[in-house]
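Results of the structural survey
Residues per chain, in single letters:
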Amino acid sequence: MSNILDGKEVAKKVKLELKEEVEKLKLEKTIIPKLAVIMVGNNPASQIYIRNKSKVCEEIGIEFEEYLLDETTTQEELLSLIDKLNKNKEINGILLQSPIPMNLDINEAFKRISPEKDVDGFNPENVGKLTLGQKGFVSCTPYGIIRILKEYNIEIEGKNAVIIGRSNIVGKPMLQCLLNKNATVTVCHSKTKDLEEITRRADIIVVAIGKRNFLKENMVKDGVVVIDVGINRDDEGKVKGDVDFENVSKKASYITPVPGGVGPMTIAMLMANVVKATKEQNK
Ligand code: NDP
C-alpha cells in the first residue's frame, strides 16, 4: 500500500504561512492583498470553484471581489473590465474563471490581463517565462504539484516523468515545471501510441485527462509516484480522479487521493500567487 500525498494537509500548511505573510503586510505596510475574479455566464461548477476560492481568501485575510458578467457579455465588454482591473491599484490579482461562453476568445482575455496581476499564470508572458526558466507566475495546478512533491521529499531530478494530458492549464506547464527540476519528461495525449509502454517506465506519472479510472495498475511499475489531477463524477455523483486508486495504490510508493490531493493545492498556490503579486507590486 502506498503513502498518501495529503494535499489537504500540505495546503493547510501553505495557507498558514500565507496568513502570517498577509498579517505582516497589513501591520508593516497597511496593505491588504486583493483578488478580483471574473465569471461570465452561470456555469454551476464555476460557481462552486469561485465560492471555494472566496472562502480560502477569507481564511487567509485576502480581500475578494467578484465580477459576474452576463452570458451575453461581448468580447469588448470583457476586455474593458480587464483593463479597468489592470489599472485599479487596489487589485493585486485578476482571475478569469473558465469556461467562458464559446463566442468569447479566452486566449485574448488571458493575454489582456496584466502579467503582474496574472495570478493564474495564463498570460503568454508568464507562460514564456516558465518556458525560459525565468521568474513569473506559474499556473497553480503544476505549481501545487511541485510543492506537494517537495513537502514529501520526493526527488524529481533525473527521474522519468510522464504526463498524460497536454492542456494549456495543466499538461504543458507541468512539462516545464518538471523539466526545470531536471526530470526527463514525456508528454502523452490522445494520439499517443503504446501509452502503457511509456507509463510503465515512469518513476512519476501526472494524469490530467478527465476520464475516471483511466490509469490502471497494469499501466504502472512498482514504486511509481502517481499524481491524479482529474476531477470526475461517478454514478452517485461522488468526485473521483483519473486513476483507479484502489488498485494503483497497491503498486505506487506515493499517490494523491481525489478528493484531497491536487485540488486543495491548486487553490493554495493561487493564494500564494496573490500574495506574491501584492508584494511585488508594493516593493
Ligand atoms: P483538457 O480537456 O483541456 O485536456 C485533456 C487532455 O487529455 C488532452 O490533452 C487530451 O489529449 C488528453 N486525453 C484525453 N483522452 C486521452 C486518452 N485516452 N489518452 C491520453 N490522453 C488523453 O483537460 P484539463 O487539463 O483542463 O483537465 C484535465 C482534468 O483535470 C479534468 O478532469 C479537470 O477537471 C481536472 N483539473 C483539475 C484541477 C485541480 O485543481 N485538481 C485543475 C485543472 C483541471 P488531446 O490534446 O490529444 O486531445
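Shown above is the structure to which this text applies.
Within each chain, residues carry numbers counting from 1 in the order of the written sequence. Local features in this predicted model are restricted to residues whose pLDDT is 70 or higher, and side-chain atom pairs enter the listing and the counts only when it is 80 or higher, whereas totals over whole chains, interfaces and linings include all residues. Only hydrogens and water are set aside; all other atoms, that is, all heavy atoms of the structure, feed into the side-chain values.

**A short note on the overall build of the protein**
Convention followed: Only DSSP runs of H or I with at least four residues qualify as helices, and only runs of E with at least two residues qualify as strands; both kinds are numbered from the N terminus onward. Every radius of gyration here is taken over C-alpha atoms, with the globule rule written as 2.2 Å times N^0.38, N being the number of residues. Any two residues whose heavy atoms approach within 4.5 Å at even a single point are treated as in contact. Throughout, the Shrake-Rupley method with a 1.4 Å probe supplies accessible areas, and for residues the shown protein chains are the sole cover considered. In this charge count, Lys and Arg are treated as positive and Asp and Glu as negative; neither His nor the chain ends contribute. Charge positions come from single atoms, namely NZ of Lys, CZ of Arg, CG of Asp or CD of Glu.
Secondary structure assignment for the protein yields 10 helices and 11 strands. Against the globule reference of 19 Å for 283 residues, the protein gives a C-alpha radius of gyration of 19 Å, in line with a compact fold. Dimensions of the protein, computed from the C-alpha atoms along their principal axes, are close to 50 × 45 × 40 Å. In the protein, the proportion of contacts linking residues at least 24 apart, taken out of those at least 6 apart, comes to 70%. Summing over all exposed atoms, the protein offers an accessible surface of approximately 14,400 Å²; the carbon and sulfur share of this is 49%. With 42 positive and 41 negative side-chain charges, the protein shows a separation of 2 Å between the mean positions of the two kinds.

**Some thoughts on the site of the ligand**
Inclusion rule: Whether a residue is near a molecule or strand is decided by its heavy atoms; if any one of them lies within 4 Å of it, the residue is near. Polar contacts, as used here, are pairs of N or O atoms within 3.5 Å; protein pairs need one atom able to donate a hydrogen and one able to accept it. Residues neighboring in sequence count only if both atoms are side-chain atoms. For this scheme, ten residues count as nonpolar: Ala, Val, Leu, Ile, Met, Phe, Trp, Tyr, Cys and Pro. Four count as charged, namely Asp, Glu, Lys and Arg, and the remainder, Gly too, count as polar.
If you check the shell around the ligand, you find 20 residues, and the closest are Arg 166, Ser 167, Ser 190, Lys 211 and Thr 266. Separating an oxygen atom of the ligand from a side-chain N or O atom of Ser 190 is a distance of 2.5 Å. A distance of 2.8 Å separates an oxygen atom of the ligand from a polar atom in the side chain of Thr 266. For the ligand, whose unbound accessible area comes to 930 Å², protein coverage reaches 71%. In terms of residue count, helix H10 (residues 262-281) provides more of the shell around the ligand than any other element does, three residues in total. In terms of residue class, the shell around the ligand is built from nine nonpolar, nine polar and two charged.

**Some remarks on the sheet that holds strand E8 (residues 225-228)**
How we decide: Strands pair, by our definition, only if DSSP identifies at least two bridges between them.
Pairing is parallel in the open sheet, where six strands are placed in the order E1-E11-E8-E7-E5-E6. A single partner strand is all that each edge strand has here, and the edge strands are strand E1 (3-4) and strand E6 (184-188). As paired elements, strand E5 (residues 160-164) and strand E7 (residues 204-207) share four bridges and run parallel to each other. From the neighbouring strand, Ile 164 faces E7, where its bridge partner is Val 207.

**Some thoughts on the sheet that holds strand E3 (residues 63-69)**
Sheet strands line up and pair through hydrogen bonds in the backbone, either parallel or antiparallel. Our working definition: Angles here are taken between N-to-C directions and fall from 0 to 180 degrees, while the axes themselves are lines fitted to C-alpha atoms, restricted in helices to the stretch in contact.
Pairing within the open sheet is parallel, and its three strands lie in the order E3-E2-E4. Of all strands in the sheet, those with a lone pairing partner are E3 and strand E4 (93-96), marking the two edges. Along the sheet, successive strands turn relative to each other by an average axial angle of 20 degrees, direction set aside. When strand E2 (residues 34-40) meets E3, the two strands line up parallel, connected through seven bridges. Bridging across to E3, Val 37 finds its partner in Glu 66.

**Notes on the packing of aromatic side chains**
Quick note on the threshold: Here a pair means two rings of Phe, Tyr or Trp (six-membered ring of Trp) with centres within 6.5 Å. Their orientation is stacked below 30 degrees between planes, edge-to-face above 60, and tilted elsewhere. Cation placement over rings: the criterion is NZ of Lys or CZ of Arg within 6 Å of the ring centroid and within 35° of the ring normal.
The full count for this structure, using the stated rule, is two aromatic pairs. Taken together, a centroid distance of 6.2 Å and an interplanar angle of 65 degrees make the contact between Tyr 152 and Tyr 254 edge-to-face. Of the two residues, Tyr 152 sits in the loop between helix H6 (140-151) and E5 while Tyr 254 sits in strand E11 (residues 254-255), which places them 102 residues apart along the sequence. One Lys or Arg, Lys 276, reaches over the ring of Phe 137 and ends 4.9 Å from the middle of that ring.

**Notes on the packing of H6 against H10**
Inclusion rule: Here the angle decides the label: under 35 degrees means roughly parallel, over 145 means roughly antiparallel, 65 to 115 means roughly perpendicular, and every other value means oblique.
It is at 8 Å that the axes of H6 and H10 come closest, and there the two elements cross at 105 degrees. One element, H6, and the other, H10, form an angle in the roughly perpendicular class. Contacts between H6 and H10 pair Cys 140, Thr 141, Tyr 143, Gly 144, Ile 145, Arg 147 and Ile 148 from the former with Val 262, Met 265, Thr 266, Met 269, Leu 270 and Asn 273 from the latter. Its residues assigned to classes, the contact of H6 with H10 comprises eight nonpolar, four polar and one charged.

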